[in-house]
Amino acid sequence: KSDKKMARVQLYVAGFLAILAVAHGFAPLASTRLRSASALSFTAASRRPPLWGQVRPRAARAFTVADAIRMVSLPANTPLKVGICGATGAVGKEIIGVLEKRGFPVKELHLFGSERSAGRKVSTKWGDISIEDFSVEAASKLDVVFVSVSGDFSKQYCDAMAAGGAVVIDNSSAFRYEPDVCLCVPEINAEAARSSKRKVIANPNCTTAIGLMALYPLHKKYGIKKIIMSTYQAASGAGAEGMAELFDGVKEVVNGPEGTVAKNQIFAHPLPFNLIPHIDVFQDNLYTKEEMKVTWECRKIMDLPNLPVSCTAVRIPTLRAHAEAITIETERPIDVAGARAALAAAPGVKLSDDPAKKLYPMPLTASTAYPVEVGRVRNSEVFGSHGLDFFVCGDQLLRGAALNAVLVAEAIAQPVGSVFAPKL
């Protein structure tokens, strides 16, 4: 009788928690307030990013009533203790702004910086906050920590913070290709983050995140067979130092005698009034690492490990917002009207496509905007009815970094199985 009574009680509890999760928007979360988040993972055959997609991510396990018994339910709008590592950098400042504008439920905000910036006050929606000298002990006590420092910093501290209890959303490339770490664009694979056990989540490369906002809705409707991409990346992709070098270099050339060439330290060559088809280091296959990031990350996020992707990355003399010219070949015939409709309906995408009115994506209009602009949509002269050409432009400090990171946190605070379609 006692066993039967206990089984009945467990059944009632499971049913009650499941009803709460569905009816009230509760999110089944880990006891540290946010669910541990990780990846559709690659097999352990190799730690190296798969160049030809020889391994396949595992599908996320479906959420069951039994999971509800083992997890702590938390209302999605529960105020959280939030930390930002690298709070004084270009991305860190944008994360603060996104948290403010999105109305993210912040109970406490902790801003971590270097010893040099410790004690400096930053004005925020939650009052003036002093920069703290970083420590794992302090960061581990928080619910979620956004990290925008460097790959070396992330490798040294992210796992330690996660082990201490925080969910860590990392903007570096340190964990993107780890088998058990979720590489997340939440409108595409939020479920991979929600269903994983590891509590470090990787933000993708900025170029990948921007391009995938347009690629994924087209893939859902038509099935993508091949991607050919050329990127035109702003100076801010190299951080605040890159923007300063461009800005100072333009002044140097404009104010100097004819023939003046700007100095360069951050970029491989002077960037003012120039283009540089070289971002990151060259690989054995003669692609740069920046270009291969697009290949590796598109495959992992879209769960298409054999997808052919070719990218050429070019640094251009704009301050902000990356642009991408993309050509795709599709499994099914693709028509321009249908493609435009799919793009217009996709969350996080703004269709800017009216050639007669000279309306198309540009860094000038995409800068500081949350949605990714897509336009110049047309059937490909190479692939005909099974191909499409289009142009994409997005703010890489936002969709490519800060905004994507905050949206990841929003997504994992929603119930398992729910569709994440944020209003931007």
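These numbers were taken from a predicted model, which means no experiment stands behind them.

The rules we used
- Residues numbered from 1 in each chain as written.
- Predicted model: local features only at pLDDT ≥ 70, side-chain atom pairs only at ≥ 80, totals over all residues.
- Heavy atoms only, no water.
- Helix = DSSP H or I, 4+ residues; strand = E, 2+ residues; numbered from the N terminus.
- Buried < 20%, exposed > 50% of the residue type's maximum accessible area, 1.4 Å probe, protein only.
- Contact = heavy atoms within 4.5 Å.
- Areas by Shrake-Rupley, 256 points an atom, 1.4 Å probe, with all protein chains shown as cover.
- Pairing = 2+ DSSP bridges.
- Axes fitted to C-alpha atoms, helices over the stretch in contact; angles between N-to-C directions.
- Expected span 1.5 Å × (residues − 1).

Caption draft 1: Broad picture of the overall build of the chain. Tallying secondary structure elements over the chain gives twelve helices and 16 strands in all. Each of the 424 residues in the chain was classed as buried or not, and the buried ones make up 53%. Here the analysis covers contacts within the chain between residues at least 6 apart in sequence; of these, 69% occur between residues at least 24 apart. For the chain, the exposed area adds up to about 19,100 Å²; of that, 56% sits on carbon and sulfur atoms.

Caption draft 2: Layout of the sheet that holds strand 9 (residues 182-183). Taken in spatial order, the eight strands line up as 5-6-4-3-7-8-10-9 in an open sheet, and their pairing is mixed. Edge strands, defined here as strands with exactly one partner in the open sheet, are strand 5 (121-124) and strand 9. Sheet analysis places strand 8 (residues 167-170) next to strand 10 (residues 200-202), joined by three bridges and oriented parallel. Across the sheet, the residue bridging to Asp-170 is Ala-202, located in strand 10. Strand contacts of helix 12 (residues 398-412): strand 7 (144-147), strand 8 and strand 10, with the helix running at about 150° to strand 8, the strand carrying the most contacts.

Caption draft 3: Main features of helix 3 (residues 90-102). Taking 1.5 Å per residue as the helical rise, helix 3 with its 13 residues ought to reach 18 Å, and the 18 Å between its terminal C-alpha atoms agrees with that figure. Lining the buried residues of helix 3 we find strand 3 (80-85), strand 4 (106-113), strand 5, strand 7 and helix 12. Gly-103 sits one or two residues past helix 3 and shows a positive phi near 65°.

Caption draft 4: Layout of the environment of Val-149. Here Val-149 is to be found in the loop between strand 7 and helix 5 (151-164). By relative accessible area, Val-149 is classed as partly exposed at 46%. Separated by 57 residues in the primary sequence, Val-149 and Gly-92 place their C-alpha atoms 8.6 Å from one another.

Caption draft 5: Representation of the pairing of strand 11 (residues 224-233) in the model. Pairing analysis gives eight bridges linking strand 11 to strand 13 (residues 322-330), with the strands arranged antiparallel. Across the sheet, Ser-230 pairs through a bridge with Ala-325, a residue of strand 13. As paired strands, strand 11 and strand 12 (residues 309-315) are joined by seven bridges and run parallel to one another. Looking across to strand 12, one finds that Thr-231 is bridged to Ala-313.

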